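Structural characterization, general
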Amino acid sequence: RRLVPVATRADKLAAMEQGLRLMASLGITSLQNANGNMDELDLYNELIRSNKLTVRASFAMSIGPMESETSLRDFAALHAKYPGPLLRVAAVKMVIDGVIESYTAAMLEPYSNKKDTSGKPAWTQEQFNKTAAIVDKLGLQIYTHAIGDRGVRMALDGYEAVRRVNGPRDARHRVEHIETIHPNDLPRFAALGVLPSMEPIHADPATIEVWSAAIGPERTRLGFAWRSIEKAGGRLVFSSDWPASISVDPIRGLHNAVNRRTITGLPPNGWLPEERVSVETALRAYTVNAAYASHEEKIKGALRPGMLADIAVLSQDLFKIDPMDIHKTKVDITIVDGRVVYTRKP
């Protein structure tokens, strides 16, 4: 890393503009930044001043176990300064564990092919509960990265503890990723009003072999359990996790969500076709539910009179085509706030 040149402000702005052009070409009209900081917020302000911001941005500021209450109050004060709808700060991001492929996701039992570890959470339950209660009291939303079944349980236990301490409110706290989950925790999203924020692109069949070998066939049965969580009453929210994911394209994510199929050689049942969801569920997870996840469902996420004019026009009607052809869909036009920001060339 010491050999990599330090990016200048101009470099960062140029990179962001390139990313915005990519998102416009993919029909993305809103993003939720789960790793926000003051430097990035300043760059977004610069794009607004130059009229180059072509996407609505909602920020979650990253915090760790040692974060001071003063810092948390400072983040809460930013919400009054950035209430949206173009630039919004109203959340914090907490990271409980790592990822399954490197054995750093926190699991309830040891890894199947590395018995000496079950991962280690970055927070103790006490630390998480205490910080989450302060954040909730300040009126902020919480995004919690939790991939392993233990990490997911810790997040849900923490949110349940917050409700006991502060009382219930329409917080819409979230658990991000949920790559595997214990069956007992499936109904807790609905019971606690917690949003399961998941990324279908992470379940791409090209990436699943190492993942499934690490946790074994029993836990793989509830891998990327979109349909099971939906059946248990959870309100699915879909996103990309870009740039950590292999693609930011929502069409590719939709294709994965709808078309999970049996793959020979992958335990326990191929690639769990029973966890795929309908086209309607997947589209709602990327639109209406995503707007709900940022407390903005009254102004965006659907095509209705009075809503913000954020529109993506697709080359195919996803409800009429063979679902296996979803990946062939292109974005013809992208409109943000009534302004055309992308038109596909013939």
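Just so it is clear, the model here is predicted, and its values are computed rather than measured.

As enumerated under the stated definition, the model contains 24 salt bridges in all. Among the ionic pairs, D170 bridges to R172, the shortest N-O distance being 2.9 Å. Across the salt bridge formed by R284 and E280, the nearest N and O atoms sit 3.2 Å from each other. Note that R284 and E280 are positioned in helix α10 (residues 279-286) at a spacing of four residues, about one turn of the helix. Residue E280 is classed as partly exposed on the basis of its relative accessible area of 43%. A single salt-bridge network, built from bridges that share partners, covers R153, D157, E160, D185 and R188.

Time to look at the packing of helix α4 (residues 125-137) against helix α5 (residues 149-166). When two helices pack together, you describe them by how their axes are tilted relative to each other and by the distance separating the axes. Axis separation between α4 and α5 bottoms out at 9 Å; the angle between their running directions is 50°. Relative to α5, α4 is oriented oblique. Of the two elements, α4 crosses α5, and the hand of that crossing is right-handed. Of α5, the residues touching α4 (which contributes Q125, F128, N129, A132, A133, D136 and K137) are M154, A155, D157, G158, Y159, A161, V162 and N166. For the contact of α4 with α5, the class distribution of residues is eight nonpolar, four polar and three charged.

Moving on to the side chain of T131. Relative to the assigned elements, T131 resides in helix α4. Residue T131 is classed as buried on the basis of its relative accessible area, which comes to 8%. Aside from chain neighbours lying at most four places away, what touches T131 is I63, L72, M94 and W123.

Glancing now at the sheet that holds strand β10 (residues 339-343). The three strands lie next to each other as β8-β9-β10, forming an open sheet whose pairing is antiparallel. Only two strands of the sheet have a single partner each, and these edge strands are β8 (311-314) and β10. Within the sheet, the average angular offset between the axes of one strand and its neighbour, ignoring direction, is 15°. Pairing of β8 with strand β9 (residues 331-336) involves four bridges; the strand directions are antiparallel. By the bridge assignment, V313 is partnered in β9 with I333.

What counts and what doesn't
- Residues numbered from 1 in each chain as written.
- Predicted model: local features only at pLDDT ≥ 70, side-chain atom pairs only at ≥ 80, totals over all residues.
- Heavy atoms only, no water.
- Salt bridge = Lys/Arg side-chain N within 4 Å of Asp/Glu carboxyl O.
- Helix = DSSP H or I, 4+ residues; strand = E, 2+ residues; numbered from the N terminus.
- Buried < 20%, exposed > 50% of the residue type's maximum accessible area, 1.4 Å probe, protein only.
- Axes fitted to C-alpha atoms, helices over the stretch in contact; angles between N-to-C directions.
- Parallel < 35°, antiparallel > 145°, perpendicular 65-115°, else oblique.
- Left-handed = near helix turned anticlockwise from the far one by under 90°.
- Contact = heavy atoms within 4.5 Å.
- Nonpolar A, V, L, I, M, F, W, Y, C, P; charged D, E, K, R; others polar.
- Pairing = 2+ DSSP bridges.

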